[in-house]
Amino acid sequence: MPTPPKPAKVRDPFFDNAKFLAILLVVAGHTIVGLRSKVPAADAAYIYVYLFHMPLFIVITGYFSRNFTFGGGKARKLITNLGVPYVIFETLYSIVEWQVTGNKFSISLLNPVYLTWFMLALFMWRLSTPVWQQIRWPLAVAVAISLISYTGPLSGQLDMHRVFGLVPFYVLGLCLKPEHFEFLRRRWVRISGAAVLAAGYAFAFYAKDHMNYKWMYWRDSNKALGVDNLVGTGMRIAMLLSAVILVAAFLAVVPRRRTWFTVLGTTTIYAYLLHGFLVKYLQYKEWDHVDWLQNVPGMILMIVVAVGVATFLCSKPTVKAFHWAVEPSMSWAFTSLRRPAAKPKPKPEAGIEPPAGS
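Residues numbered from 1 in each chain as written. Predicted model: local features only at pLDDT ≥ 70, side-chain atom pairs only at ≥ 80, totals over all residues. Heavy atoms only, no water.

This part takes up the overall build of the protein chain. The secondary structure content of the protein chain amounts to 14 helices and 0 strands. Helices and strands in the protein chain line up, N terminus first, as α-α-α-α-α-α-α-α-α-α-α-α-α-α. Across the 358 residues of the protein chain, 46% fall into the buried class. Contacts spanning at least 24 positions in sequence make up 79% of the contacts within the protein chain whose residues lie at least 6 apart. Summed over all atoms, the accessible surface of the protein chain reaches about 20000 Å², with 65% contributed by carbon and sulfur. (Helix = DSSP H or I, 4+ residues; strand = E, 2+ residues; numbered from the N terminus. Buried < 20%, exposed > 50% of the residue type's maximum accessible area, 1.4 Å probe, protein only. Contact = heavy atoms within 4.5 Å. Areas by Shrake-Rupley, 256 points an atom, 1.4 Å probe, with all protein chains shown as cover.)

So this is what it looks like as structure tokens:
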């Protein structure tokens, strides 16, 4: 009898919904940056979003990397879905930086430009997955590495501070199980999540006048931020905890059912990599600094535009137009897996019988 085909794996709409809503935060945060100096609400929103929007993406990415190995074509996907797009967009953003700033044109794959750092960091995190899966206390080790990495300056190449500093969120994703997300479905957890998100934005109004916003970038050592290692380590622990709480609260309020934007959550990488060109253009033209936008209605207008842009960049026309760059087909570059040749068995010498059972 022929073997019946395996049923197609059904995607959980919850995670696609979460990714789409998260990319809206990313694009909105980049869009309102020019309003921060004159609009307190925009300044607070910027800090609020930056406290947890990338940790959110990293946790989800880590969760879906739990089964990563170097077999089954996954190593190829690591190259085609992360390595090659990183090279392409690193080159494109280098060209944009050259045109906008007027500086000498240069491309350095070891020094990520703008938002391409996430692709490089994710490439290295995913490579390290088999190691984390064999450590007894992976999350504790990852937190220790993160805190130690900020006690001194690291090389700017490969964005090492972010790679080491944000790795706890990736490892947290690796450690999560489906029942952890089921816990977030409870009614009281969802209500609490909404309250925590509201309180987080209120706290951002206080934080904007009492902390350096560069803490949210995760790219500077404690000394570079003007604090000693004791204060810096305490601040990093507070940021790690705050991000985890806000990520959990955000996931608690994400819709579980299929919605009109569920399918858009499958292509958020397009919005992430492409929206930066529009942001750079707005900054070059200084459109985000015009006087009539320097108020709360202007901030709301910019957020609405950001939501529209992010939605369009996740849509089918965008995917069709930029598939060659974001998800290139690279089958021509690969061959079948090469395995080491088996060591030939030694031939018995003439006149000598091999031992029984050999």
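Back to the text.
Our focus in this paragraph is helix α14 (residues 316–326). Within α14 the residues assigned to the buried category are Thr318, Val319, Ala325 and Val326. Angular distribution of buried residues about the axis of α14 spans 105°; they occupy a single face of the element. Residues of α14 that are exposed and point more than 90 degrees away from the buried face comprise Lys316, Pro317, Lys320 and Trp324. (Arc of directions from axis to C-beta.)

A word on the environment of Thr268. Examined against the element boundaries, Thr268 turns out to sit in helix α12 (residues 268–285). Sequence-wise, Thr268 and Ala22 are 246 residues apart; in three dimensions their C-alpha atoms are separated by 8.9 Å. Contacts of Thr268, omitting those with residues within four sequence positions, involve Lys19, Phe20, Ile23, Phe57 and Cys314.

Enumeration over the complete set of coordinates arrives at 27 aromatic pairs. Seen in terms of ring centroids, Tyr48 and Tyr201 are 5.6 Å apart; in terms of plane orientation they differ by 65°. Their pairing is edge-to-face. With Tyr48 in helix α2 (residues 40–63) and Tyr201 in helix α10 (residues 187–207), the pair connects residues that are 153 residues apart, well separated along the chain. Overall, the relative accessible area of 13% leaves Tyr48 in the buried class. Ring centres of Tyr63 and Phe181 lie 4.7 Å apart, and the angle between their planes is 65°; on these two criteria the pair is classed as edge-to-face. (Phe/Tyr/Trp six-rings, centres within 6.5 Å; stacked < 30°, edge-to-face > 60°.)

Before going further, it helps to examine the pattern of salt bridges. Side-chain pairs of opposite charge can arise where the charged atoms are in close proximity. Tallied over the entire structure, the rule returns 7 salt bridges. Its salt-bridge partner being Arg36, residue Asp43 comes within 3.0 Å of it at the nearest N-O pair. Neither Asp43 nor Arg36 differs from the other in exposure class; each is buried. The residue Glu182 makes a salt bridge to Arg185 at a minimum N-O spacing of 3.6 Å. Residue classification places Glu182 among the partly exposed residues on the basis of a relative accessible area of 43%. The class of Arg185 is partly exposed, set by a relative accessible area of 43%. Here the salt bridges share partners, and the residues they tie into one network are Arg11, Asp16 and Lys19. (Salt bridge = Lys/Arg side-chain N within 4 Å of Asp/Glu carboxyl O.)

We now examine the layout of surface pockets. Looking at the largest pocket, its volume works out to about 1500 Å³. Counting residues per element, the ones that place at least two in the lining of the largest pocket are α1 (13–31), α2, α3 (74–101), α4 (117–127) and α12. Top contributing element to the lining of the largest pocket by residue count: α3, with 6 residues. Split by residue class, the lining of the largest pocket holds 19 nonpolar, 7 polar and 10 charged. Counted as a void, the second largest pocket has a volume near 560 Å³. At the level of elements, α1, α2 and α12 are the ones that each hand at least two residues to the lining of the second largest pocket. Among the elements that line the lining of the second largest pocket, the one with the most residues is α2, at 5 residues. For the lining of the second largest pocket, the class distribution of residues is 16 nonpolar, 5 polar and 5 charged. (1 Å grid on protein atoms, 1.4 Å probe; cavity = no way out; pocket = protein on both sides within 12 Å on 5 of 7 lines; lining within 4 Å. Points joined across faces, edges and corners; volume = space filled by probe spheres on them. Nonpolar A, V, L, I, M, F, W, Y, C, P; charged D, E, K, R; others polar.)

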